[in-house]
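Structural characterization, general
Each chain is listed here by its residues.
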There are 2 protein chains.
Amino acid sequence: MGKKYVYSFEEVKHANTEEWQFALGNKGAQLSEMTAIGLPVPLGFQITTEACRDFYVAGKKWPAGLESQVKQKLAELEKKLGKRFGDKKDPLFVSVRSGSYVSMPGMMDTVLNLGMNDDTAAAFAEKTGNKRGAVDSYRRFIQMFGDVVMEVEHARFEEILHRKKDTKGVQFDTELTADDLKEVIDEYKAMVKKETGKLFPTDPWQQLKMGIDAVFSSWNTPRAVSYRRINKLRGDAGTGVTVQSMVFGNMGETSGTGVSFTRNPATGKKEHYGEFLINAQGEDVVAGIRTPKPIDELGKLLPAVYKQLLNVYGLLEKHYKDLQDFEFTIENNKLYLLQTRSGKRTAHAAMKIAVDMEKEGLVTKEQAVMMVKPDQLNQLLHEQLDPVAKKEAQVVAKGLPASPGAAVGKVVFTAERAKQLVDEDPHTKLILVRLETSPEDIEGIHVAQGMLTSRGGMTSHCAVVARGMGKCAVVGCGDISINEEGKFFTVKMKGGELRFNEMDWISLDGGAGEVFGKQLPLVEPRMSGDFGILMKWADEFRRLGIRTNADTPKDAQVAKDFGVEGIGLCRTEHMFFEGERIKAMREMILAENTEGRKKALAKLLPYQKEDFKGLFKVMSGKPIIVRFLDPPLHEFLPKEECEIKALAEELGFTVEKIKQVIVSLHEFNPMLGFRGCRLGVVYPEISEMQARAIFEAAIEAKQEGFDPMPEIEVPNVITVKEFRLIKEIISNVAKELDIEGRKIHYKVGTMIEFPRACITADELATEADFFSFGTNDLTQTTLGFSRDDAGKFIPLYIERGALEQDPFQTIDQQGVGKLMIMAVEKGRSVKPHLDIGICGEHGGEPASVEFCHRIGLSNVSCSPFRVPIARLAAAQAAIKEKMKAGKAAPKGERAKKKAKK
Amino acid sequence: MGKKYVYSFEEVKHANTEEWQFALGNKGAQLSEMTAIGLPVPLGFQITTEACRDFYVAGKKWPAGLESQVKQKLAELEKKLGKRFGDKKDPLFVSVRSGSYVSMPGMMDTVLNLGMNDDTAAAFAEKTGNKRGAVDSYRRFIQMFGDVVMEVEHARFEEILHRKKDTKGVQFDTELTADDLKEVIDEYKAMVKKETGKLFPTDPWQQLKMGIDAVFSSWNTPRAVSYRRINKLRGDAGTGVTVQSMVFGNMGETSGTGVSFTRNPATGKKEHYGEFLINAQGEDVVAGIRTPKPIDELGKLLPAVYKQLLNVYGLLEKHYKDLQDFEFTIENNKLYLLQTRSGKRTAHAAMKIAVDMEKEGLVTKEQAVMMVKPDQLNQLLHEQLDPVAKKEAQVVAKGLPASPGAAVGKVVFTAERAKQLVDEDPHTKLILVRLETSPEDIEGIHVAQGMLTSRGGMTSHCAVVARGMGKCAVVGCGDISINEEGKFFTVKMKGGELRFNEMDWISLDGGAGEVFGKQLPLVEPRMSGDFGILMKWADEFRRLGIRTNADTPKDAQVAKDFGVEGIGLCRTEHMFFEGERIKAMREMILAENTEGRKKALAKLLPYQKEDFKGLFKVMSGKPIIVRFLDPPLHEFLPKEECEIKALAEELGFTVEKIKQVIVSLHEFNPMLGFRGCRLGVVYPEISEMQARAIFEAAIEAKQEGFDPMPEIEVPNVITVKEFRLIKEIISNVAKELDIEGRKIHYKVGTMIEFPRACITADELATEADFFSFGTNDLTQTTLGFSRDDAGKFIPLYIERGALEQDPFQTIDQQGVGKLMIMAVEKGRSVKPHLDIGICGEHGGEPASVEFCHRIGLSNVSCSPFRVPIARLAAAQAAIKEKMKAGKAAPKGERAKKKAKK
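Just so it is clear, the structure is predicted and the values come from calculations on it, not from any experiment. (Residues numbered from 1 in each chain as written. Chains lettered and ligands numbered in written order. Predicted model: local features only at pLDDT ≥ 70, side-chain atom pairs only at ≥ 80, totals over all residues. Heavy atoms only, no water.)

Some words on the overall build of chain A
The line we're drawing: Only DSSP runs of H or I covering at least 4 residues are called helices, and only runs of E covering at least 2 are called strands; the numbering of each starts at the N terminus. Using C-alpha atoms as the atom set, the radius of gyration is obtained and then compared with a globule rule of 2.2 Å times the number of residues to the power 0.38. Think of it in three bands: residues with accessible area under 20% of the maximum for their type are buried, residues over 50% are exposed, and the middle band is partly exposed, with areas taken using a 1.4 Å probe on protein chains only. Per-residue accessibility takes into account occlusion by the displayed protein chains alone, with areas from the Shrake-Rupley method and a 1.4 Å probe.
When helices and strands are counted, chain A shows 38 helices and 33 strands. Taken against the 2.2 N^0.38 rule, which gives 29 Å for 901 residues, the C-alpha radius of gyration of chain A at 32 Å falls within 12% of a compact globule. Principal-axis analysis of the C-alpha atoms gives chain A an extent of 100 × 75 × 50 Å. In chain A, which comprises 901 residues, the proportion classed as buried is 58%. As presented, chain A carries roughly 36,600 Å² of accessible surface, and 51% of it is formed by carbon and sulfur atoms.

Written out as structure tokens, the structure reads:
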């Protein structure tokens, strides 16, 4: 038995599943589903995506068995309809449409009215008594087939049609008569012959074969390939092919075509939404030559059809329990559905629809929570570019959507310049444009509206800092070339270069990664009551704790307002970059011995203490994970000659000495170098100072009536002995300051961010009070991908199918995830209730949150503005698990449950 | 029940095991062992190393139970000897000695003659009738105890003794009379009181307590700590303490002390070897004031004792089945053994002793193979510094012993200069001194005798290349500061700096990592017939295949002469650096499109082909693993302004364009960047060219009558899809060239060098014909240790106990090893007979070879000069496994085996 490549719509009973959507394409699956629930769908059949994949494997040839299966299904179709393909009495016409596992609107090909030739068109005219409709359909078919299948330029057809309208002195296609259209057809055929050297095919079966070939081939057109690369879709999925008996919307004034949503997708309001055209086929709506009418006018024009349509709204929502976006055709007063899919909607609409549907009793609370995509919440939490203005503006460059929201400002190329300009005029709006940002740019980032970088990935410095601040950023924008000295950047465009000088306006959409070459208006974020309701529901279901990555009281407050339960990562190194601190830090690094280092560290202590105290106050009663100093020391030293000179003078060292230290600290692969707890093993005095700052801050906060809950985290641990060395330093300080006596409860835990930590997690668990996965570093080391460098080739890796997704955006569950599971199992084998969290950037990414839930983590931590996303994703993970458990329960169990109800 | 801290020598019956050596210290274990086999050992007891560890844990206090156990054993000792500690009639004296699991000669403390005071010394004189001997012992005790336990400077005592000799007009201590010595004793006591403010203790029990304390404390003296760091010994092992009843070698002309080897440790000849002093205690031999006599003279002086000694030789060798190095004391014509250990020996001696002992029937072939340390073979394979001259020369700096052998030459700081000097005079001997070397230095390395670098680890570029060439190198020598521009380097010494200018002579010992500041003589390596015999035996036992890492026919020939069975790693990138090749390579990198790249690659093809053909000829009939291009592309581009300019002119690009490419290829962490098969995924034309070069070379070699066996290896693989993409390119070329039709058998396999490859090894095995572990990269990523950067802190990590060994020298079995086991199990679960090798630097390191054997690898690959080492290590691994299996067999099984015999 060969593979089954073709299914009739009636053949699949429950096609609305991921598996069927992947097998048939989403469009095909929904045609089956609608057929199954009794909606008026024209008969037809579906060729699987596997057939398409096998087509490519076979070198763009039909795989064995496909032709016979198509023929068989076609015969069945003919039988059911009592029509025959190419019949001169009662001919069958079909549409041939594409459709992958996710919609790629407009990217692949469609042919309508297939089966037309002189004879069948005549028979059609005869049978319907609608000569003009028949000829119009024929004309449309030649044009579409000629364009899509035979690759004749679309314009060639349009020229002929225009000329005819000019000759006849009419404006619209609908004004051309049947005879006019016949002349157009003849001209079309002649032109096709001339352009391609081939006669236009008249055999319907040949037409069908060519049509299916064309749809298969359209999977790999350059635009489809680009679309998938940009949208990170699988390149190896293939398209399904829908072959469906035609219904004609162009059969006169009781026919038509349209699209509709079951509710308003912009606002979420329960109202009829959509538009239609009378006497038209699908492509007319898209072409935009005639202006479609709002859906409610159909009530006046074709009341019977309108009644059918209202019924469809109800049926669709009742069945799909979701907003539906569907296409319909009216043929002689009868309504047909040609497609339905879950409707795209704004975040506001998503929220409102979910809450409303629960109120209406259409969905349960759990289902309502499942209806909002966590990532969509981004829209609610940040300013956005005005969608109307944005639609009209040109995207001049595209980068990675590193931090959502929007920013509008004038271009500036250095942090110093940004600072200076804002100092002069605090109302100045700036966009900081850099190759990449570094910790030294922090003040510039602070004063800018947003950042645009030409390098770096989703987890580059710029991206991480921007997300932490809730600031818009577009990073890794390879389209732009920056000339920092010349103070301009250029963008290559068709036919030339665009140049942007300092102080030129640009606008960024951080959620889409788009750059606009002018000043666009902004719209404020709004939070509705529905948001609060949905979040409350989410909290009822989720099991994962939600924490935030925050280094400052301000960030912590933002996260707290978003409902966070603690800090999962406070990076202490960011505290070392400002003013006097960096000076003391550098003094420490340049010190020649322990004494010198201790002296410099003593200067840092009060700053650190104040930082921690501020956090303890905001997060009173909530745990705070403070990570010990993590980055390599060279990150704190100046790079430019003049800075080195200034530092030398300031600290009384020679320039040579400083350069010598810089050389000695240089690293080939800093990511794998002298950093994290390695600093503390070599220089215990650094850990000692940090422990002291944390504990002294806790003591003071406690004395002022707050409830500090410090959890100290040791980074980069790979051996338990190393962890023990640092823990001992911390314990000694705690003993000295009598932390226990003061009833301050503290923990000491470890990051799990290198494979060896996962492998030896059982040993680490004997000493650690908690684990926290640093999945950025764990991904880098497990895959051998530097996050800053791999960005260059990851998109191509995804396109070529070597990777399924960007592992820095969503956890690589097959690789990194396996190590995480190992660490959880080993850790809990020693301490069954070990607290395990995650504080990498993945902690706010829905699929990763779901994974963390599944493998039993205690909590996830993410940047403040992603907290609501994490809350929702965590709830959805719990609900999914419950649903799966329900499905997986033995039949007897399920039956019992049902019986109870 | 508390811990058992103290054992009498008789208590442990089979102490010559690793466990007991660790528990008691090696010296203590051997005292028990010698007692058990009936050798004349003075009675005594041993305090465990655990007591020492607990002493430190308790804050340098005796752990609970230790005191009572010591007292009990002391009482037993008194009873057995019929003497009492502090007794005024028949007093007991003891020695208190240190000893860890491995010998740390001279690093820790010893006190002899403990128990002496005015009364016991008098009683001793009375009882022995040897007044002078008694007083001399008392004097020695005060001096040793005062120095070691009370921390009075040694020189203070020597001053007094010298003054006395001067006053008396004598030259040797032995010439001082009992009365002279009594005066010395009084002066000693007065001086100790003055220096320390304390009276010299007279209570023997207090002396003993203080003595044991001092030995415990001597574990952590700075010199002991440094010694362990340098020799990579465990810092957390602790020392045992031996308390043993004294025998006195200073009781006159029928007493004495000495050391001896059971055979000649320099030549391996079966002859008496050692020296002795009459009327002396142990420290006199070391002090070197009197010249000891060769052992055979004892036959004339004390024939009865000599007879006892000859008997001891036989007993020791029969029992230990090895060369023994032992210390003895003669007290009144009676011989006592105070220590024995396996004797250190030269590689030649090791070989000869092993082969001789087998002939003598003392050991089996298996035991003989186990007797030679694989690492020792290095000595046989390379030139060495003349040991006599070396002994007298000063080590001016120490680095990592990256590549064994020796080199003597004049200092030069750049590869160009080296080339130039050798071009002028081919006999010039040079040492290339660099911060670190890069591929561009290859010609300089080629012409130099050896290399010295101030940075980089055991697997840095310099180390790897040097080992490959069998050339001496000392790397990561942080003691030296290089000023390349000024053409000199300096070494900080006590009281100033040493400076070495260009053309100054230095000498390197690559096996010890030592740098000497002058021209030392060299001795040639010699290979004896014993070498061949032992290697043959080794091959009988080993199961692992042995391959080599070789990029050139010359290297391959060297390895073949050493008995290699194939090439385990041929790095193709080294082939791209010379002359025209680097030009074409750069052209390829700078090309703007696939066409341009293909054009440049076409120029490289003939070179590659010739390279491979040469290898196929040398290795006819043996498999060759060729690895596809691995390093990031930026390694091939010039760095200096002038080079960039030259390149621009040569290739007709603008300087700006080249700089732009350099910037675009810059990587933050090149180790984790765009390299390995990622290059082939993005630029398939590179893989295509390499496959073509390999296959065309194989075809030509075949036509010329050779038997090429290419095995193509894909580096850096992390997903099976990625591997499939590259494999497809290779298969297509193979099909095109009809490789199968030409009966050339080829394989395509994958490196396993990132954790994700281990985790997904089952998937990879579905496609790969073989695996090869790249344990350098696997170690770097598993531990998050860059091999070039981590060298700075690894020694400290080992000293502080955070790591047990340098993971780049020997496989980290607890971390990296676990991933390797996972990969082997997963790979073989899919293909039970999957070929799995290792080609990292670990492939030639004995402990790692043993591990590879244990986890079931098929072969190991190492640099040519390590091949004999790997052969021997592989044999030893197999023998150990057999021995263990014998031990582990169920009792019934063993009994049956015995019964059969």
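Resuming the write-up.
As for the packing of helix α23 (residues 579–590) of chain B against helix α24 (residues 594–618) of chain B
All names here are of chain B. Defined as follows: The angle between two axes is taken between their N-to-C directions and runs from 0 to 180 degrees, where each axis is a line fitted to C-alpha atoms and a helix contributes only its stretch in contact. Here a crossing is called left-handed whenever its near helix is offset anticlockwise from the far helix by less than a right angle, and right-handed whenever the offset is clockwise. Contact between two residues is taken to exist if any of their heavy atoms lie within 4.5 Å; hydrogens are not considered.
Packing of α23 against α24 leaves a shortest axis separation of 8 Å and a crossing angle of 150°. Viewed along their axes, α23 and α24 form a crossing whose handedness is left-handed. Residues E580, R581, A584, M585, E587 and M588 of α23 form the contact with α24, whose participating residues are R597, A600, L601, K603, L604, Y607 and D611.

Focus on the interface of chain B and chain A
We apply this condition: Once two parts are put together, the accessible area they lose, assessed with a 1.4 Å probe and summed over both, is termed the buried area. The salt bridge criterion pairs a side-chain nitrogen of Lys or Arg with a carboxyl oxygen of Asp or Glu, the two atoms within 4 Å.
Counting from both sides, the interface comprises 54 residues of chain B and, opposite them, 54 residues of chain A. Overall, the association of chain B and chain A removes approximately 4,700 Å² of surface from exposure, summing both partners, and the carbon and sulfur fraction of that is 56%. At the junction of chain B with chain A, the criterion picks out six salt bridges. Taking the shortest distance from any N to any O, the salt bridge between E804 of chain B and K721 of chain A comes out at 3.2 Å.

Digging into the sheet that holds strand β8 (residues 256–261) of chain A
All names here are of chain A. Defined as follows: Paired strands, as defined in this entry, are two strands with at least two bridges between them according to DSSP.
Pairing in this open sheet of five strands is antiparallel, and the strands run β10-β9-β8-β11-β12 from one edge to the other. Because the sheet does not close on itself, it has two edges, and the strands there are β10 (293–294) and β12 (334–342). As judged from the six bridges shared by β8 and strand β11 (residues 324–331), these two strands associate in the antiparallel manner. Paired with T257 across the bridge in β11 is T329. Against the sheet, helix α13 (residues 303–320) makes contact with β8, β9 (273–278), β11 and β12, and its axis sits at roughly 30° relative to β12, the strand it touches most.

Description of the pairing of β12 of chain A
Residue and element names in this part refer to chain A. As judged from the eight bridges shared by β11 and β12, these two strands associate in the antiparallel manner. The residue of β12 that forms the bridge with F328 is L337. Counted along the chain from β11 to the antiparallel partner β12, the turn is two residues long, and its residue N332 has a positive phi close to 50°.

With respect to the relation of the copies chain B and chain A
The operation linking the two copies of the chain is a rotation about an axis combined with a translation along the axis. Stated precisely, the cut-off is as follows: The least-squares superposition of copies is restricted to C-alpha atoms, and to residues with a pLDDT of at least 70 in both copies.
Overlaying chain B with chain A gives an RMSD of 0.2 Å, the required rotation being 180° about an axis along which the chain moves by 0.2 Å. In the structure described here, the two chain copies are related by an operation that fits a two-fold rotation axis. Here 100% of the interface residues in chain B have copies in chain A that are interface residues too; the copies meet face to matching face.

Side note on the environment of N549 of chain A
All names here are of chain A. To be explicit about the condition: Whenever two N or O atoms come within 3.5 Å, that pair is a polar contact, provided that in protein one can donate a hydrogen and the other can accept it, and provided that, for residues adjacent in sequence, both atoms are side-chain atoms.
Inspection of the secondary structure puts N549 in strand β26 (residues 545–549). A C-alpha to C-alpha distance of 6.7 Å links N549 and P864, two positions 315 residues apart in sequence. When neighbours within four sequence positions are excluded, N549 is seen to be in contact with G568, L569, R571, C839, G840, S861, C862, S863 and P864. At 3.3 Å, the side chain of N549 forms a polar contact with the backbone oxygen of C839.

Side note on the environment of T329 of chain B
All names here are of chain B. Structurally, T329 is set in strand β11 (residues 324–331). T329 sits 48 residues away from Q281 along the chain, and the two C-alpha atoms are 7.9 Å apart. Among residues more than four places away in sequence, those in contact with T329 are V247, F248, G249, G256, T257, K334, L335, Y336 and L338.

Some thoughts on the pattern of salt bridges
Residue and element names in this part refer to chain A. Across all of its chains, the model carries 145 salt bridges over all chains by this definition. Residues E183 and K164 are paired through a salt bridge, measuring 2.6 Å at the closest nitrogen-oxygen approach. You can see E183 sitting in helix α8 (residues 178–196) and its partner K164 sitting in helix α7 (residues 154–168), a full 19 residues away along the chain. Among the residues examined, E183 registers a relative accessible area of 34% and is labelled partly exposed.

What about unusual backbone geometry?
Residues and elements named next belong to chain A. Phi at K60 is positive, roughly 60°, even though this residue is not glycine. Tracing the backbone through its elements, the reader meets K60 in the loop between α3 (49–57) and α4 (66–81). Positive phi, close to 55°, is recorded for D738, a residue that is not glycine. Of the residues examined, D738 reaches a relative accessible area of 41% and is grouped as partly exposed.

Details of the nonpolar core
To be explicit about the condition: We call a set of buried residues a nonpolar core when its members are Ala, Val, Leu, Ile, Met, Phe, Trp, Tyr or Cys and they connect through side-chain atoms within 4.5 Å of each other.
Counting 290 residues, the largest nonpolar core has F695, F773, M820 and L857 of chain A together with F695 and F773 of chain B as the members making the most contacts within it. With residues near it in sequence (within four places) discarded, M820 of chain A still touches F773, T775, L778, I811, I838, F851, I855 and L857 of chain A.

Remarks on the side chain of S245 of chain B
Residues and elements named next belong to chain B. As for its placement among the helices and strands, S245 is situated in strand β7 (residues 240–245). In this structure S245 comes out as buried when scored by relative accessible area, which is 8%. Setting aside anything within four residues of it in sequence, one finds S245 in contact with P42, L43, G44, L81, L92, F93 and V94.

Here we look at the confidence of the model for chain A
Residue and element names in this part refer to chain A. Put simply, the test is: On a range of 0 to 100, pLDDT expresses the predictor's confidence in each residue.
Looking at chain A, the pLDDT average stands at 91 and 97% of residues meet or exceed 70. In the predicted structure, residues 889–901 sits below a pLDDT of 50 and forms three contacts with residues beyond four places in sequence or in another chain. Confidence estimates for the predicted assembly give a pTM of 0.79 and an ipTM of 0.78.

Re the packing of aromatic side chains
Applied cut-off: The pairing test for Phe, Tyr and Trp rings, Trp by its six-membered ring, is centres within 6.5 Å, and the orientation test on the planes gives stacked under 30 degrees, edge-to-face over 60, and tilted for anything in between. For a ring to carry a charge above it, either NZ of a lysine or CZ of an arginine must fall within 6 Å of the ring centroid while also lying within 35 degrees of the normal to the ring plane.
Using the criterion set out here, one finds 50 aromatic pairs over all chains in the structure. Look at F489 of chain A and F500 of chain A: their rings are 5.0 Å apart centre to centre, the planes differ by 20°, and that puts the pair in the stacked class. Of this pair, F489 of chain A sits in strand β21 (residues 488–493) while F500 of chain A sits in strand β22 (residues 496–501), placing them 11 residues apart in sequence. No difference in accessibility class separates F489 of chain A from F500 of chain A, as the two residues are buried. Residues Y313 of chain B and F326 of chain B carry aromatic rings whose centres are separated by 5.9 Å and whose planes lie at 70° to one another, so their mutual orientation is edge-to-face. Separated by 13 residues along the polypeptide, Y313 of chain B in helix α13 (residues 303–320) and F326 of chain B in strand β11 bring together distant segments of the chain. In terms of burial, Y313 of chain B and F326 of chain B fall into one category: buried. One aromatic cluster is present, formed by F674 and Y683 of chain A together with F785, F793 and Y797 of chain B through successive ring pairs. Of note, K334 of chain B hangs over the ring of Y336 of chain B, and the distance from its end group to the ring centre comes to 4.8 Å.

Structural notes on the packing of helix α22 (residues 553–561) of chain B against α24 of chain B
Residue and element names in this part refer to chain B. The condition that has to hold: For this classification, under 35 degrees means roughly parallel, over 145 means roughly antiparallel, 65 to 115 means roughly perpendicular, and everything else is oblique.
Where α22 meets α24, the closest approach of the two axes is 9 Å, and the angle between their N-to-C directions is 15°. One element, α22, and the other, α24, form an angle in the roughly parallel class. In this structure, α22 crosses over α24, and the sense of that crossing is right-handed. For the pair α22 and α24, the contacting residues are P553, A556, Q557 and K560 in the first and G614, L615 and V618 in the second.

Considerations on the sheet that holds strand β31 (residues 770–773) of chain A
Residues and elements named next belong to chain A. If you trace the eight strands once around the closed barrel, you get β26-β27-β28-β29-β30-β31-β32-β33, paired in parallel fashion. Taking the axes of each pair of neighbouring strands and ignoring which way they run, one obtains an average angle of 30° across the sheet. Here strand β32 (residues 835–838) runs beside strand β33 (residues 859–862); their pairing, made up of two bridges, is parallel. If you follow G837 over to β33, its bridge partner there is N859.

So, helix α29 (residues 720–736) of chain A
Stated formally: Multiplying one less than the number of residues by 1.5 Å gives the expected span of a helix.
Taking 1.5 Å of rise per residue, 17 residues should cover 24 Å, and α29 of chain A covers 24 Å from first to last C-alpha, within 8% of that figure. Within the span of α29 of chain A, buried status applies to V720, E722, F723, I726, I729, I730, V733 and A734 of chain A. Along its buried surface, α29 of chain A packs onto α27 (677–682), α28 (684–703), β29 (709–714), β30 (747–752) and α31 (761–767) of chain A together with α34 (794–799) of chain B. Just past α29 of chain A, the residue D738 of chain A takes up positive phi, approximately 55°.

Looking at helix α9 (residues 204–218) of chain A
Look at α9 of chain A: 21 Å from first C-alpha to last across 15 residues, which is about the 21 Å you get at 1.5 Å a residue. For α9 of chain A, the set of buried residues is P204, W205, Q207, L208, G211, I212, A214, V215, F216 and S218 of chain A.

Things to note about the side chain of E317 of chain B
Mapped onto the fold, E317 of chain B is located in helix α13. If sequence neighbours within four positions are ignored, E317 of chain B has contacts with T262, R263, D322, L323, M357 and L362 of chain B.

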